[in-house]
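# Reading the structure
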Amino acid sequence: MKHLAISTALAASLIATAVAAQDLRFGYTDPISSLDPQLNNHAGDHNAGQMFWAALTPKDTKGPVPWLAESWTLIDPTTWEFKIRDNANWSDGTPVTADDIAFSYARVRDVPGSVASFRGFVRTIASVEAKDPKTVIIKTNVPNPLLPTNLSTVYVVSKHVGETATTEDYNSGKALITQGPYKLESYVPGDRVVMTRNEEFWGTRPEWKTVTFRYIANPAARTAALLAGDVDVIDKVSLSDLQSLRENDKVTVHDYPGLRVLLLQPSFNPAPNPFITDKAGKPLDKNPLLDQRVREALNIAINRDLIADRVLRGGATVASQWMPEGTFGYDPETGPIAFDVDRAKALLAEAGYPDGFKLTMHVPGERYPMAPEAAQAIAQFWTRIGVETQVEVVPFSVYSGKANANEYAMATIAWGNGTGEGTYAMTTILGTVSKEKGLGASNWGRYSSAEHDRLLEAATSEFDDAKREAIIRDAVKVVSKDVGVIPLFHYKNIWASRKGLKVTPWTSDRSVPMQVTSE
Amino acid sequence: MSVIAPEAPPQSPLVDKLRAFFRSPLAVLGLVMALGFGLVAVLAPWIAPQNPYDLMQIDVMDARLPPGAENFAGDMVYAMGTDGQGRDLLSAIMYGLRTSLTVGIGSALIAGAVGTLLGLIAAYAGGSVDALLMRLVDLIMALPSILVALLMLAAFGRGVGNVVLVLVLMEWAYYARSARGQALVESQRDYVEAARGLGLGSARILIRHILPNCLPPLIVIGTLQIARAITLEATLSFLGLGVPVTQPSLGLLVSNGFQYMLSGDYWISFFPGLTLLCAIVSINLIADRLREVFDPRALT
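My aim in this report is to walk through the structure given alongside it, one point at a time. (Residues numbered from 1 in each chain as written. Chains lettered and ligands numbered in written order. Predicted model: local features only at pLDDT ≥ 70, side-chain atom pairs only at ≥ 80, totals over all residues.)

## Observations regarding the overall build of chain B
Per the secondary structure count, chain B includes 10 helices and two strands. Starting at the N terminus, the α and β elements of chain B follow one another as α-α-β-β-α-α-α-α-α-α-α-α. The proportion of buried residues among the 300 residues of chain B is 42%. Look at the contacts in chain B between residues 6 or more apart in sequence, and 69% of them connect residues 24 or more apart. (Helix = DSSP H or I, 4+ residues; strand = E, 2+ residues; numbered from the N terminus. Buried ≥ 20, exposed ≤ 12 C-beta atoms within 10 Å, placed from the backbone. Contact = placed C-beta atoms within 7 Å.)

What follows is the structure, given as structure tokens:
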């Protein structure tokens, strides 16, 4: 199969470039919530997850990401057959079997304590059966051409250990019987994960023998750690340090256009919201954000170019929709959002708020680069059209719970678009929230559009790529007209390393040590 | 200061203490600085070039300008530069002082009143009331204040009122312990015996006779606690849990500038940090001298 050919070619090229084993210390922004790879779909959890676990299908055909399926075929529109690699083994020596796959996809649907569930990726799966130990038959309840893409985000855990394991067992290392390129050495929550190379690994062995993940949420501290030589590589370089790092000859900056979008999610909850009041501070009897004109006014009152230049210092590009230009699902007809203060004021007046209102927006601190700063600049622009805005920066641990419960009037989310195409965001942040269907897991504003949901369904059952892209583009138009979310920026991916290292991006925006090679 | 200098004729103890206080040039410097900061804080809305909390008046176009730069419109000069949002730092510092001093003095006064009262009650009532109150004091003093403050602010939400509340809850114990100790000593004195002999009520003896004699050490603690409260508020804001980001206090200003430190925009952290330092030093100088003045053994 095509994928096999690619992976073989890739393996060969990697063996050729492998050099002497070394240690790598990686300074990360995104914290890890757990070593349980099925608990939370958080960037920080994925960074560590990809070191220990493989998914059934490839996340990224460019990078050396291991995946378990040797090949797959579509038997009929709702039946897929996956062949598992013969040599894929768990770190305790037992082979990876079809039962592990079935167990993983059942467990991921409901992991207790999850705040960002993976269940959206398996929502179309009706049944998983083992034809033989190395062959899995997956039946979907609807035709789903994106099944292999969906499954590339869900890590496979072992049935023989996982069956009796809780999230705590993964965190303690007890259940970390893995099948990825690394093994756990130690885990200090909030501080570091130390891992050593899995020498029994069935795939391509990475260059680094020992890898230490250090969690340094503060951007300045991360830069300082790199300059002091405490870490070799840092990700998400602080945009305010970019200039001085570029000028430093001991450091190399690696920056590439990225998929990650920064969005605002206005609340569609009809009940009065404590974070929206009239100018005197009295609660409004209905949520003004329910009115499309109000959302549009807020949308066009933001001078994105200015914020990208002045606040984000060129570390991001202006967004008009959730996918960046040039990707699958980007709609060229949905143009840049024009900055128009007069029209914004007129729209507010038309909606019955000529004097505006008071709004508190929420943004997590230190998780999305410069998001608190961008939010404050947005607050300036909104205040100028009469919507007096206050910004509250909340620690992410508190923020995610409250945002998930739709408590905020205006939530901020940075969405990774990890699959590189448009339906991922549609499924998780734009789809009408439904636990059963696995939709809207991070739809914190509770946006709900029947038209969008219909297009999502159509896109996810369309096997023809061109037709599927046209459907996604229609959905972009629908959401953009509704102002279901307020798109702001696409972050660039910026790493900095000590001289002599090279960081190569993957199409999936991940930040993992396998991307780092010595020059 | 000469030992053989003839003593001034006896005067009221208060005047005596005041004289002693002003004999230290450092304490006078502290007092002048503290009064200056207080004045700036009170007058900030009238003397600040800009209202830094009014988003209409700040402009992201002017972000991170160095000290002495003109604004985009060309009608004002940012004497201390601007922060990442285009906020005039001088104005922000003036307003930040308001928050810091309000929190510091407010929490010290409330905690002082509550703590002193509870301490006196403990000393006077004795027995199980005393035991209960003092174990509570032990408990509170055993907890690391910054950790408890973080937890409580995460639970209650942020805001100046909540920060004051948290500080009061953490600090009353210091006053209570000191007030109790002092009151226990005082209640053994003859003048209290005399007052009892006259048949005065306990409340009257406590408030009119014992309390005034317990005050000196409490005043010293109170002054030190103002400085401590300001530091704690700044720490909480620096950690992102104090005041809202659109209404920065000194700690939050330092925190905002911290991320620009490595890129050379030193002024965003430096000036608020310097102000914070001076404010705390000035209060500590006053407190130090007060302690010396009230403690006969320390005064030479």
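## Looking at unusual backbone geometry
All names here are of chain A. The phi dihedral of N406 falls on the positive side, at around 60°, and the residue is not glycine. Positionally, N406 belongs in the loop between helix 13 (396–404) and strand 15 (410–415). You can call N406 partly exposed: it has 19 C-beta atoms within 10 Å. Within the chain, R446 stands out as a residue other than glycine whose phi angle is a positive 60°. The topology assignment puts R446 in the loop between helix 14 (423–430) and helix 15 (450–460).

## Looking at the packing of helix 3 (residues 89–125) of chain B against helix 10 (residues 267–294) of chain B
Residues and elements named next belong to chain B. In contact at an axis separation of 10 Å, helix 3 and helix 10 are set at 35° when each is read in the N-to-C sense. Considering the relative orientation of helix 3 and helix 10, their crossing is right-handed. Taken together, the residues of helix 10 that come into contact with helix 3 (itself represented by L89, I93, G96, L97 and S100) are W267, I268, F271, P272, T275 and A279. Tallied by class, the residues present in the contact of helix 3 with helix 10 amount to eight nonpolar, three polar and no charged. (Axes fitted to C-alpha atoms, helices over the stretch in contact; angles between N-to-C directions. Left-handed = near helix turned anticlockwise from the far one by under 90°. Nonpolar A, V, L, I, M, F, W, Y, C, P; charged D, E, K, R; others polar.)

## A short note on helix 7 (residues 190–197) of chain B
Burial analysis of helix 7 of chain B places just zero of its eight residues in the buried class, a small minority of the element. Phi turns positive, to about 85°, at G199 of chain B, one or two residues after helix 7 of chain B.

## Side note on the interface of chain B and chain A
Of the residues lining the interface, 20 residues belong to chain B; the matching set on chain A comes to 29 residues. Its residues placed into classes, the side of chain B that touches chain A shows 13 nonpolar, seven polar and no charged.

## Description of the pairing of strand 4 (residues 125–132) of chain A
Residue and element names in this part refer to chain A. Strand direction decides the pairing type here: strand 4 and strand 5 (residues 135–140), joined by six bridges, are antiparallel. Within strand 5, the residue paired with D132 across the bridge is T135. Linking strand 4 to strand 5, which pair antiparallel, is a turn of two residues. (Pairing = 2+ DSSP bridges.)

## A closer look at the sheet that holds strand 4 of chain A
All names here are of chain A. Reading across from one edge, 2-3-5-4 is the order of the four strands in this open sheet, with antiparallel pairing throughout. Two strands lie at the open edges of the sheet, namely strand 2 (69–76) and strand 4, each paired on one side alone. Neighbour-to-neighbour, the strand axes of the sheet open up by a mean angle of 20°, direction not taken into account. Set on the sheet, helix 3 (residues 98–107) makes contact with strand 3 (79–84), strand 4 and strand 5; between it and strand 4 the angle comes to about 165°.

## Side note on the nonpolar core
Burial of nonpolar side chains together is a common tendency in soluble globular proteins. If you look at the biggest cluster of nonpolar residues, it comprises 216 residues, and the most contacted ones within it are V156, L263 and A374 of chain A together with I93 and L167 of chain B. Counting residues per element, this core draws most heavily on helix 3 of chain B, which supplies 15 residues. Each residue touching V156 of chain A, except ones within four places of it in the same chain, is listed here: W53, A54, A55, L56, L68, V96, D100, I101 and S104 of chain A. (Core = buried A, V, L, I, M, F, W, Y, C linked by C-beta atoms within 7 Å.)

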